Amino acid sequence: MDYGWMSHALMWIVGLMSVCAGVGAIAAMVSLGRSGYRKD
């Protein structure tokens, strides 16, 4: 049985998780940066 698709799917999952983590980290930094300028 060919297990090549399993490693391919695993790489896609890892890539998708890393992209989501990167976007989340950038959004968090932007949110923290913007909150510093507020005078609430």
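Reading guide: rules and limits
Residues numbered from 1 in each chain as written. Predicted model: local features only at pLDDT ≥ 70, side-chain atom pairs only at ≥ 80, totals over all residues. Heavy atoms only, no water. Helix = DSSP H or I, 4+ residues; strand = E, 2+ residues; numbered from the N terminus. Buried < 20%, exposed > 50% of the residue type's maximum accessible area, 1.4 Å probe, protein only. Areas by Shrake-Rupley, 256 points an atom, 1.4 Å probe, with all protein chains shown as cover. Patch = residues over 30% accessible without salt bridge, like charges linked within 9 Å, V, L, I, M, F, W, Y side chains within 5 Å. Salt bridge = Lys/Arg side-chain N within 4 Å of Asp/Glu carboxyl O.

Let's talk about the overall build of the protein chain
Inference 1: Along the protein chain, the regular secondary structure elements total 1 helix and 0 strands.
Inference 2: A total of 40 residues make up the protein chain; the buried ones form 0% of that total.
Inference 3: Of the roughly 3900 Å² that the protein chain leaves accessible, carbon and sulfur atoms contribute 74%.

Comments concerning a nonpolar patch on the surface
Inference 1: Together, Y3, W5 and M6 make up a nonpolar patch on the protein surface, roughly 400 Å² of accessible area in all.
Inference 2: Relative to the helices and strands, M6 resides in helix α1 (residues 4–35).

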